[in-house]
Amino acid sequence: PAERRTGRSSMTEEGEAPKYGAFLFDNGARYEGSYVVKEGEPAEGEAESAAAIMRNGVGTYKLDANSYEGEWVADKMHGHGLFKFMDGSSYDGDWVENQFHGQGKYQWATGAYYMGAWEKNRMHGEGVFVDDTGREWKGKFYNGQGPGLHTLPKPKQEAVNGS
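Everything numeric here is computed off the predicted structure, so don't read it as measured data. (Residues numbered from 1 in each chain as written. Predicted model: local features only at pLDDT ≥ 70, side-chain atom pairs only at ≥ 80, totals over all residues. Heavy atoms only, no water.)

Chemist: Which residues make up the overall build of the protein chain, and what values go with them?
Modeler: In terms of helices and strands, the protein chain carries zero helices and 12 strands. Secondary structure elements of the protein chain, listed N to C terminal, follow the sequence β-β-β-β-β-β-β-β-β-β-β-β. Summarising the internal contacts of the protein chain: among those between residues at least 6 apart in sequence, 11% fall at separations of at least 24. Element-wise, carbon and sulfur atoms account for 49% of the exposed surface of the protein chain, whose accessible area totals about 10,900 Å². (Helix = DSSP H or I, 4+ residues; strand = E, 2+ residues; numbered from the N terminus. Contact = heavy atoms within 4.5 Å. Areas by Shrake-Rupley, 256 points an atom, 1.4 Å probe, with all protein chains shown as cover.)

Chemist: Run through the side chain of Asn56, naming residues and quoting values.
Modeler: Within the secondary structure layout, Asn56 lies in strand β4 (residues 49-63). A distance of 2.8 Å separates the side chain of Asn56 from the backbone nitrogen of Ala74, its partner in a polar contact. (Polar contact = N/O pair within 3.5 Å; in protein donor to acceptor, adjacent residues only side chain to side chain.)

Chemist: Give me the lowdown on the environment of Tyr61, citing residues and values where you can.
Modeler: Looking at the element boundaries, Tyr61 is found in strand β4. Given a relative accessible area of 18%, Tyr61 falls into the buried group. Sequence spacing of Tyr61 and Ala22 is 39 residues, and the spatial spacing of their C-alpha atoms is 9.7 Å. Leaving out residues up to four positions away in the same chain, Tyr61 has contacts with Phe25, Asn27, Ala29, Arg30, Tyr31, Arg55, Asn66, Ser67, Tyr68 and Trp72. (Buried < 20%, exposed > 50% of the residue type's maximum accessible area, 1.4 Å probe, protein only.)

Chemist: How would you sum up the confidence of the model for the protein chain? Please name residues and give values.
Modeler: Within the protein chain, residue pLDDT values average 84, and 76% of them lie at 70 or more. Contacts from residues 1-11, a stretch scored under 50 in pLDDT, to residues over four places away or in other chains number 22 contacts. (pLDDT = per-residue confidence, 0-100.)

Chemist: Describe the pairing of strand β8 (residues 99-107), and please don't skip the residues or the numbers.
Modeler: The pairing of strand β7 (residues 90-96) with β8 spans six bridges and is antiparallel. Pairing of Val96 across the sheet is with Gln99, part of β8. As consecutive antiparallel partners, β7 and β8 are separated by two residues, and within that stretch Glu97 has a phi angle of approximately 45°, a positive value. As paired strands, β8 and strand β9 (residues 113-119) are joined by six bridges and run antiparallel to one another. Within β9, the position partnered with Lys105 by the bridge is Met115. Following β8, the chain reverses through five residues before pairing antiparallel with β9; Gly111 in that reversal takes a positive phi of roughly 105°. (Pairing = 2+ DSSP bridges.)

Chemist: Pulling in residues and values, what's your account of the packing of aromatic side chains?
Modeler: According to the stated counting rule, one finds 22 aromatic pairs in the structure shown. When the ring of Tyr106 is compared with that of Trp118, the centres are 6.4 Å apart and the planes differ by 50°; the resulting orientation is tilted. Taken together, the positions of Tyr106 in strand β8 and Trp118 in strand β9 put the pair 12 residues apart, joining distant regions of the chain. Accessibility assignment for this pair places Tyr106 and Trp118 in one class, buried. (Phe/Tyr/Trp six-rings, centres within 6.5 Å; stacked < 30°, edge-to-face > 60°.)

Chemist: Help me get a handle on the environment of Lys19, residues and values and all.
Modeler: Considering the arrangement of structural elements, one finds Lys19 in strand β2 (residues 19-24). Lys19 sits in the buried class, given a relative accessible area of 16%. For the pair Lys19 and Val36, spaced 17 residues apart in the sequence, the C-alpha separation amounts to 6.1 Å.

Chemist: Break down the nonpolar core for me, citing the residues and quoting the values.
Modeler: Counting residues in each nonpolar core, the largest one holds 17 residues, and the members touching the most others are Tyr68, Trp72, Met77, Tyr91, Trp95, Phe100 and Trp118. Within the residue set of this core, elements represented by two or more residues are β3 (30-42), β5 (66-73), β6 (76-84), β7, β8 and β9. (Core = buried A, V, L, I, M, F, W, Y, C linked by side-chain atoms within 4.5 Å.)

Chemist: Break down the pairing of β7 for me, citing the residues and quoting the values.
Modeler: Walk down a regular strand and you will see the side chains alternate between the two sheet faces. As paired elements, β6 and β7 share six bridges and run antiparallel to each other. The partner of Gly81 across the bridge, within β7, is Gly93.

Laid out in structure tokens, this is it:
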């Protein structure tokens, strides 16, 4: 893959500046963005260690119609990013080790969405769920459930009179 130094001043824990490149994976996926080369321990019976390329920094990963554009740390989606799923749904928000975690918005292909707190891929904490008809539920979610939710009244729609 082509390499060039990024203009970013971010460094890895080992003090190495990230490189930039594009990679194709055996499964057909493609990654373009920042990465680092991490030296591993030699395998048993091997004289030299194997180097691993790890996504680190900002990059885009695409597999079929799924895509993620955002931050990576140690080869995991970590930080802020946007994941678009092949079914038309999407998640835009905080990630921790490949999971929705922090604040974010998940939108289903139907138009329904949840915006609020996430923990380990589940709606957890304060948030708002809006169904595909526009009806809203607001409150505290727990482990993907909403036992303490209350519905908000739909805004009144005024008829437009042509006269």
